Amino acid sequence: MLKKIYLLSCSVAVMATLVAAPAHGQETDSSDTAGNVSDIVVTARKRAESLQNVPLSISVLSGQKLQEQNLGSIENLQSVTAGLVIRKTPNNTINLTLRGLGTGTAIDAFEQSVATFVDGTYAGRGPEFNSALFDFDRVEVIRGAQASLLSKNTSLGAISLTTRKPGDDFAIDVIGTHDFELGSNTIEAGMDIPLSETVKMRVAAKFDDQHGYIHNDFYDNDTPRTRNLGIRGTLVFTPTDALDVTLTYQYFRVRQRGLPWEIVSDPNGNARRLAALAGYPNVEFTANRQQVDGSATDPQSYDHTEGNRVIGTVNYELGSGHTLTSVTSYSDFDSNRFRDTDLLPGDYINTYYNQGNRQFQQEFRLTSPADGQFLDYVIGAAYFREKWLYSDDITAQCIGCPSTGPNAVTGQPGLFNLLGHFTTQDTQRTRDLAGFAQVNMHLTDQLTLSGGIRYTNEKRSAILARQTVTPGALTAVIYKPFAASQLSRRENNVDGSIGVNWKANDALMLYASFSKGTKGGGFNNTTAEAATPAGAAATVYNKEKAETFEIGEKLT
């Protein structure tokens, strides 16, 4: 299925020195001694530019503002960014939408249409979004299809995170918070260590212990209880004025116990009868922030994610203002989840999910000088390789239930007929080759034409299999077993943008643009037998395309 989206937007960005809450979530830096607003610098177009001069709809938040407002997770960004909505599903999966559009979270194989980028490297898988947000220099939320210069195709926008780099002097910063309502605690610390005139290092870490707001009567604890640890080390080496090398390593770990959900309605009484079979005859189902889900044989529902990211960036000035940049990165994560899926005491439906990812990226780009030039440009090429692993283990049983009838989970005489136990395995591999260019033509001091293009050749394959462990209605009717099946697909995508902007003066810019972005297609990880034509058709999903038409004004 091809998903094509059209967006038409009109935006106004206003920056002023005496504003309590900057419009559209854009942060205003402190003014200088003359009373003028200091430039807000962004790198959305792969070069440092004033936000006022960039003809894109971008919201910017500094690292200082992240700390001041205690924005410790990616979910918190929606409170300061217009048009950005971030939801966490009961499966603890992050869903990002910009301007009302985004990717659903029901399928683990989906990459987000609104992706995140850390120091220019792609992070598009849901489990990565659960890591702590800390020690960043700035966060840029880029709206619309801006595929030309991002390191990986996205169709609806991006959140670009730029980490904080080492300072020139030895320094230590520590910040801690305590939530008196729930008892949550957070501590964040960083240290700048100048090793020599040419070598500087920064080490930063954050530990976040969030207490729950829903009480679980079965375990007598509050859920969800989340412990989030992040550690980052950055080394900057500048041997000459023309060369700088930055190496960053980040480790993150997320431990969550329990889930923020509860049953609030039981119209046919079936859930109450199943709870009574497990020894809870007086359980209530109302919206009172209480739950009774639990397992006698399995642990409390949990989510454990652990990952690493290494980024190496080299900038070399070739002369005449041209800069050659290389960005190399490797990242991985492993996510293990257990769900007491029936939400009741007793072992009716228990599910284990395992997800892993191994990803490598390499990008080269050449950037021309911009100031005083009739034509400035960025051109480059990128390589991306990913191996994504998924498995699940689902058991449905009903010990002590009355004899089964012909219906599934409908009531008497059979309380629970959805029986069976199966496992699924899915391995998917992706390889992308891309070339890109962005050109700005300054026709006059006020009028500029811009154009960007990105060509991507993508190859993706999948091997899927399902085995029955214990037969039952679940495995015979809904999740039938099938032998290992292999699928592959190739696609070529051309994305880009074109725009015009007119700068009336230093305080006013008008712009109009059209852009197109694509997110590649792939394979569903919960499917029928992929070896059959019907199963293959149900497994494959096609690419997603979005076209954005935008007119805007930036006024200081």
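Everything quoted here is computed from the prediction, not taken from an experiment.

Cut-offs applied
Residues numbered from 1 in each chain as written. Predicted model: local features only at pLDDT ≥ 70, side-chain atom pairs only at ≥ 80, totals over all residues. Heavy atoms only, no water. Helix = DSSP H or I, 4+ residues; strand = E, 2+ residues; numbered from the N terminus. Contact = heavy atoms within 4.5 Å. Areas by Shrake-Rupley, 256 points an atom, 1.4 Å probe, with all protein chains shown as cover. Pairing = 2+ DSSP bridges. Phe/Tyr/Trp six-rings, centres within 6.5 Å; stacked < 30°, edge-to-face > 60°. Lys NZ or Arg CZ within 6 Å of the ring centre and 35° of its normal. Buried < 20%, exposed > 50% of the residue type's maximum accessible area, 1.4 Å probe, protein only. Polar contact = N/O pair within 3.5 Å; in protein donor to acceptor, adjacent residues only side chain to side chain. Arc of directions from axis to C-beta. pLDDT = per-residue confidence, 0-100. Salt bridge = Lys/Arg side-chain N within 4 Å of Asp/Glu carboxyl O. Patch = residues over 30% accessible without salt bridge, like charges linked within 9 Å, V, L, I, M, F, W, Y side chains within 5 Å.

Observations regarding the overall build of the protein chain
Here's step 1: Helix and strand content of the protein chain: four helices and 30 strands.
Here's step 2: In the protein chain, of all internal contacts separated by at least 6 residues, the share reaching a separation of at least 24 is 67%.
Here's step 3: Approximately 24000 Å² of the protein chain is accessible, and the part contributed by carbon and sulfur atoms is 57%.

Some points on the sheet that holds strand E15 (residues 214-216)
Two pairing modes exist for strands in a sheet, parallel and antiparallel, and in both the strands are linked by backbone hydrogen bonds.
Here's step 1: On the basis of which strands lie adjacent, the open sheet formed by three strands has the order E16-E15-E19 and mixed pairing. Edge positions in the open sheet fall to strand E16 (221-223) and strand E19 (290-291), since each of these has one partner strand only.
Here's step 2: Note: E15 against E16, three bridges, orientation antiparallel. When the sheet's bridge partners are listed, Asn216 is paired in E16 with Asn221.

What to know about the environment of Lys459
Here's step 1: Along the chain, the position of Lys459 falls in strand E25 (residues 447-470).
Here's step 2: When the C-alpha positions of Lys459 and Gly520 are compared, they lie 9.5 Å apart, and in sequence the two are 61 residues distant.
Here's step 3: Beyond its immediate stretch of four places on either side in the chain, Lys459 contacts Arg429, Thr430, Arg431, Asp432, Arg489 and Arg490.

Thoughts on the packing of aromatic side chains
Here's step 1: Summed over all chains, the structure comprises 11 aromatic pairs.
Here's step 2: Ring centres 4.7 Å apart and planes at 40° place the aromatic pair Phe338 and Tyr352 in the tilted group. Taken together, the positions of Phe338 in strand E21 (residues 322-340) and Tyr352 in strand E22 (residues 349-367) put the pair 14 residues apart, joining distant regions of the chain.
Here's step 3: Their ring planes at 20° and their centres at 4.7 Å tell us that Phe422 and Tyr479 sit as a pair that is stacked. Of the two residues, Phe422 is situated in strand E24 (residues 420-442) and Tyr479 in the loop between helix H3 (473-478) and strand E26 (482-505); the sequence distance between them amounts to 57 residues.
Here's step 4: An aromatic cluster is built from Phe117, Tyr122 and Phe384, whose rings are joined through pairwise contacts.
Here's step 5: For the cation-ring pair, Arg232 lies above Phe134, with the distance from its terminal atom to the ring centre recorded as 4.5 Å.

Points about unusual backbone geometry
Here's step 1: Cis geometry marks the peptide bond from Thr223 to Pro224, where omega comes out at -10°.
Here's step 2: With respect to the helices, strands and loops of the structure, Pro224 is situated in the loop between E16 and strand E17 (225-240).
Here's step 3: Even without glycine at this site, Asp119 takes up a positive phi of about 50°.
Here's step 4: When you line up the elements, Asp119 lands in the loop between strand E8 (114-118) and strand E9 (121-123).
Here's step 5: For Asp119, a relative accessible area of 17% translates into the label buried.

Points about the pairing of E24
Here's step 1: Across 22 bridges, the pairing between strand E23 (residues 375-396) and E24 is antiparallel. Counterpart to Arg385 in the pairing with E24 is Arg431.
Here's step 2: As judged from the 22 bridges shared by E24 and E25, these two strands associate in the antiparallel manner. Residue pairing across strands places His442 opposite Thr448, the latter belonging to E25.
Here's step 3: Taken together, E24 and the strand that follows it, E25, pair antiparallel across an intervening segment of four residues.

What about the side chain of Arg202?
Here's step 1: You can see Arg202 is positioned in strand E14 (residues 199-210).
Here's step 2: Within the structure, the side chain of Arg202 is placed 2.7 Å from the side chain of Asp135, a separation counted as a polar contact.
Here's step 3: Looking at Arg202, its side chain comes within polar contact range of the side chain of Asp173, at 3.1 Å.

Some words on the side chain of Arg125
Here's step 1: Inspection of the secondary structure puts Arg125 in the loop between E9 and strand E10 (136-143).
Here's step 2: Residue class for Arg125 comes out buried when judged on its relative accessible area of 2%.
Here's step 3: At 2.7 Å, the side chain of Arg125 forms a polar contact with the backbone oxygen of Ala109.
Here's step 4: Once residues within four sequence positions are removed from consideration, Arg125 is found in contact with Asp108, Ala109, Phe110, Glu111, Phe333, Asn357, Glu386 and Trp388.

Section: the pairing of E26
Here's step 1: Two elements, E25 and E26, share 19 bridges in a ladder whose sense is antiparallel. Note on E26: the bridge partner recorded for Glu458 is Glu491.
Here's step 2: Relative to strand E27 (residues 508-519), E26 is paired through nine bridges, and the arrangement is antiparallel. Within E27, the residue paired with Asn501 across the bridge is Tyr511.
Here's step 3: Where E26 folds back onto E27 in an antiparallel hairpin, the turn is made up of two residues.

A few points about helix H2 (residues 270-277)
Here's step 1: Among all positions of H2, only Asn270, Ala271, Leu274 and Ala275 are buried. Projection of H2 onto a plane perpendicular to its axis shows the buried side chains occupying an angular sector of 135°, all on one side.

A short note on the sheet that holds strand E6 (residues 94-98)
Here's step 1: An order of E5-E6-E7 is seen for the three strands of this open sheet, with the pairing classed as antiparallel. Only two strands of the sheet have a single neighbouring strand rather than two, namely strand E5 (84-88) and strand E7 (101-102).
Here's step 2: Relative to E6, E5 is paired through five bridges, and the arrangement is antiparallel. The residue bridging Ile86 from the neighbouring strand is Leu96, located in E6.

Points about the confidence of the model for the protein chain
Here's step 1: With 88% of its residues at a pLDDT of at least 70, the protein chain reaches an overall mean of 84.
Here's step 2: Confidence over residues 406-413 falls short of pLDDT 50; this stretch has 14 contacts with residues more than four positions distant or in other chains.

What about the pattern of salt bridges?
Here's step 1: A full pass over the atoms with the stated rule returns 19 salt bridges.
Here's step 2: Ionic pairing is found between Glu128 and Arg309, a salt bridge with its closest N-O pair at 2.8 Å. Taken together, the residues Glu128 in the loop between E9 and E10 and Arg309 in strand E20 (residues 302-319) connect sequence positions 181 residues apart. Like Arg309, Glu128 is buried.

Observations regarding a nonpolar patch on the surface
Here's step 1: A contiguous nonpolar surface patch, about 590 Å² in accessible area, is contributed by Leu195, Leu235, Leu247, Tyr249, Val310, Tyr330 and Phe360.
Here's step 2: Along the polypeptide, Phe360 turns up in strand E22.
Here's step 3: The partly exposed category is assigned to Phe360, whose relative accessible area is 33%.

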